[in-house]
Amino acid sequence: MEILESLRSKAAANRRHIVLPEGQDERTLQAARIITDRGYAKVTIVGDPEDVRKRALEVGVTLDDVEILDHIKSKDFDKYAEAYYELRRAKAEAKGKPAELTPDEARKVVEDPLYYANMLVRDGKADGTVAGATNTTAHTVRAALKCLGVRPGLKTVSSFFLMIAPNQSFGEKGAMLFADCGVVIDPDPVQLAEISITTAESCRLFLDVEPRIALLSFSTKGSAKHEKIDKVTEALSVVKARRPELVIDGELQVDAALIPRIGRSKAPNSPVAGKANVLIFPDIQSGNIGYKLAERMSGGMAIGPVLQGFDYASNDLSRGCKAEDIVDTVVITALQSIACERARLERSK
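The present account deals with the structure reproduced in this document. Position numbers for residues count from 1 along each chain, tracking the sequence in the order it is written. With pLDDT at 70 or above as the cut-off, local features in this predicted model cover only qualifying residues; side-chain atom pairs require 80 or more to be listed or tallied, and sums for whole chains, interfaces and linings still use all residues. Just so you know, side-chain values use all the structure's heavy atoms and leave hydrogens and water out.

### A few points about the sheet that holds strand β8 (residues 247-252)
Applied cut-off: When DSSP finds at least two bridges between two strands, those strands are taken to pair. Secondary structure follows DSSP: runs of H or I at least 4 residues long count as helices, runs of E at least 2 residues long count as strands, and numbering of each begins at the N terminus. Axis angles are defined between N-to-C directions and span 0 to 180 degrees, where every axis is a line fitted to C-alpha atoms and, for a helix, only to the segment in contact. Contacts between residues were defined by any pair of non-hydrogen atoms, one from each residue, lying within 4.5 Å.
Taken in spatial order, the 6 strands line up as β8-β7-β9-β6-β5-β10 in an open sheet, and their pairing is mixed. Each end of this open sheet is capped by a strand with a single partner; those strands are β8 and β10 (301-308). Adjacent strand axes in the sheet meet at a mean angle of 20° when their direction is disregarded. The pairing of strand β7 (residues 212-216) with strand β9 (residues 278-280) spans 3 bridges and is classified as parallel. From the neighbouring strand, Ala214 faces β9, where its bridge partner is Leu279. This element, helix α8 (residues 189-207), spans β5 (158-164), β6 (175-179), β7, β8, β9 and β10 of the sheet and lies at about 155° to β6.

Set out below in structure tokens:
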């Protein structure tokens, strides 16, 4: 699809370094071969080199030109174990609490390839991580949270799906962002606002357009009254206070957000109704149902969930993913890493 080819071309033109810590997974090894051959990124696989190469040959893949890192034997292992301990100790002290683990316990944690991979990124030796083919979402996200942290100014890590529909009248020639369908189960108004803000940034990054954000509900502009609607309108107020330049509106029903005729009828003064390219769902239940309905009934594509809100780039995979899914997630992570680096540089000025 056109949007995917554009993202792949951008990644190839800005070749970043992405770590894949699940070195025994055959899909990961196949993806590493594809990514290297197509030049989308430099890849490092974490694992015992002999075991990884043996597994690769079993699935018909050669990795002679791909870096394979035995993190346990790495010269940086002690440094990262100590750095992780200090990171968690400082975090606990900032909250007025005792350290959550000992130096020996920190070493044990960093033996986990996911934690080591993220510490590698934090140290500037790589640009991002992609995992989750064999690890749970909870474990993958937790490792990134503890090693990489949330971007300053935010409290919420969330996710979005890049939705690509055959009907090009929706969004940007069929491309839209849906959030949050994968991480925050029942966001409060502030969390919903932060999900909206970070998804707006993701819209600019991946669709290269200005976001038009619809905060979804079962009501449009007061057509019903309920505390669940109040949460959505409170989130709108928070976004407008924090980021007044964003084009955002709510509460909107999904038909009012997407279909111009209905948008004009239900919300005639809305800057978003009928032309939204970002849909913000009020909770994960509605978001998960919404993206799967859109994908399955339209015959479209759902890419994600893509994580957002970290200070460095890291992404989770579905355990049912295919090698090509890993390839595209690496492409997305590579592009996110450029934006994350730019944001860190801006803060340091």
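### Quick notes on the pairing of strand β4 (residues 128-131)
Selection criterion: Buried means the residue's accessible area, taken with a 1.4 Å probe over protein chains only, is under 20% of the maximum for its type, while exposed means over 50%, and partly exposed covers the values in between.
With burial as the criterion, each face of β4 is covered, one bearing Gly128 and Val130 and the other bearing Thr129 and Ala131. Here strand β1 (residues 16-20) runs beside β4; their pairing, made up of 2 bridges, is parallel. Paired with Ile18 across the strands is Gly128, a residue of β4.

### Remarks on the nonpolar core
Operational definition: Nine residue types can take part in a nonpolar core, namely buried Ala, Val, Leu, Ile, Met, Phe, Trp, Tyr and Cys, and a core is a set of them joined through side-chain atoms within 4.5 Å.
Counting residues in hydrophobic clusters, the biggest one holds 59 residues, and the most contacted among them are Ile35, Ile45, Leu63, Leu162, Ile280 and Val330. If we ignore the near neighbours within four places in the chain, the residues touching Leu162 are Leu7, Met176, Leu177, Leu207, Met301, Ala302 and Ile303. Formed by 28 residues, the second largest nonpolar core is a distinct cluster that contains Tyr80, Val110, Ala131 and Phe310.

### Here we look at the environment of Val278
Inspection of the secondary structure puts Val278 in strand β9. A relative accessible area of 0% places Val278 in the buried class. Along the chain, Val278 and Phe178 lie 100 residues apart, while their C-alpha atoms are 6.0 Å from each other. When residues no more than four places from it in sequence are discounted, the contact partners of Val278 are Met176, Leu177, Thr199, Cys203, Pro211, Arg212, Ile213 and Ala214.

### Describing the pairing of β6
Along a regular strand, successive side chains alternate from one face of the sheet to the other. By the criterion of burial, β6 is predominantly enclosed, with 5 of the 5 residues buried. Every second residue of β6 is oriented toward a common face, with Ala175, Leu177 and Ala179 on one face and Met176 and Phe178 on the other, all of them buried. In terms of strand pairing, β5 meets β6 through 5 bridges, oriented antiparallel. Within β6, the residue paired with Met163 across the bridge is Met176. Direction of pairing for β6 relative to β9: parallel, over a ladder of 3 bridges. Within the sheet, the bridge partner assigned to Ala179 lies in β9 and is Ile280.

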